[in-house]
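Take a look at the letters that make up each chain.
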Amino acid sequence: MNTDPSVRRLKGRGRPIVPLRERMEVLAALRSVDCVVPFAEPTPARLVARLRPDVLVKGSDYRVPEIVGREVVLARAEEW
């Protein structure tokens with residue numbers, strides 16, 4: 001999850017509306033979520049490569065080719 005300064009850089013002043021800690025708590029409360037990790041880099045590419053998750057979740061305004069880290073997740077799916 002983007003840190004607050006990272007969100008500000010991406011979305012502008014006045015963002016985020018909800019602070020990082022609260023955003024992380026909401027996601028972490030979901031039974032299907034194992035871990036929520038903040039990142040401050042421009043993209044989560046390094047983090048995704050290191051964690052090698054089974055699933056990446058993005059908003060509906062993203063298409064698969066636009067999702068950073070998709071190669072890692074798709075490669076893991078081929079391992080199954």
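The preceding data block contains the structure.
Starting from 1, residues in each chain are numbered consecutively following that chain's sequence as written. At least 70 in pLDDT is required for a residue's local features to be given in this predicted model, at least 80 for side-chain atom pairs to be given and counted, and no such filter applies to totals for whole chains, interfaces and linings, which use all residues. Water and hydrogen atoms were dropped before computing side-chain values, which therefore reflect all heavy atoms in the structure.

*Asks:* Hey, could you go over the overall build of the protein chain for me, with residue numbers and the actual values?
*Replies:* Where helices and strands are cited, they refer to DSSP runs of H or I of at least four residues and of E of at least two residues respectively, numbered from the N terminus. In terms of helices and strands, the protein chain carries 4 helices and 0 strands. Secondary structure elements of the protein chain, listed N to C terminal, follow the sequence α-α-α-α. In terms of overall dimensions, the protein chain has C-alpha extents of about 40 × 25 × 25 Å along its principal axes. Each residue is placed in one exposure class: buried if its accessible area under a 1.4 Å probe, protein chains only, is under 20% of its type's maximum, exposed if it is over 50%, and partly exposed if it falls in between. Buried positions account for 20% of the 80 residues belonging to the protein chain. Averaging the locations of the 15 positively and 11 negatively charged side chains of the protein chain gives two centres separated by 6 Å. His is not counted, nor are the chain ends; Lys and Arg add positive charge and Asp and Glu add negative charge. In this description, the location of a charge corresponds to atom NZ of lysine, CZ of arginine, CG of aspartate or CD of glutamate.

*Asks:* Requested: an account of the pattern of salt bridges, with residues and values cited.
*Replies:* Think of a salt bridge as a Lys or Arg side-chain nitrogen and an Asp or Glu carboxyl oxygen that are within 4 Å of each other. Considering all chains together, one arrives at 7 salt bridges under this definition. Glu41 is the partner of Arg46 in a salt bridge, and the nearest nitrogen-oxygen pair spans 2.9 Å. Where Arg76 meets Asp54, a salt bridge forms, and the shortest distance between an N and an O atom there is 2.6 Å. Within this pair, whereas Arg76 is found in helix α4 (residues 70–79), its partner Asp54 is found in the loop between α3 (45–51) and α4, the two being separated by 22 residues in sequence. Note on Arg76: relative accessible area 16%, which makes it buried. Overall, the relative accessible area of 40% leaves Asp54 in the partly exposed class. The network of salt bridges with shared partners includes Arg52, Asp54, Arg76 and Glu79.

*Asks:* Help me get a handle on the side chain of Thr3, residues and values and all.
*Replies:* Of note, Thr3 is situated in the segment before α1 (4–11). For this analysis, residues touch if any pair of their heavy atoms sits within 4.5 Å. Beyond its immediate chain neighbours, meaning those up to four positions away, Thr3 contacts Leu20, Arg23, Pro38, Phe39 and Ala40.

*Asks:* Describe the side chain of Asn2, listing the residues and the values that go with them.
*Replies:* Along the chain, Asn2 falls in the segment before α1. Leaving out residues up to four positions away in the same chain, Asn2 has contacts with Val7, Leu10, Leu20, Arg23 and Phe39.

*Asks:* Describe in detail helix α2 (residues 20–28), supporting the description with residues and values.
*Replies:* If you check which residues of α2 are buried, you get Leu20, Arg23 and Met24. Around the axis of α2, the buried residues are gathered within 100 degrees of arc, so they sit on the same side. In α2, those exposed residues whose orientation departs by more than 90 degrees from the buried face are Arg21 and Val26. Elements that come into contact with the buried residues of α2 comprise α1. The arc refers to the directions leading from the helix axis to the C-beta atoms.

Nothing here speaks to function; it is all geometry.
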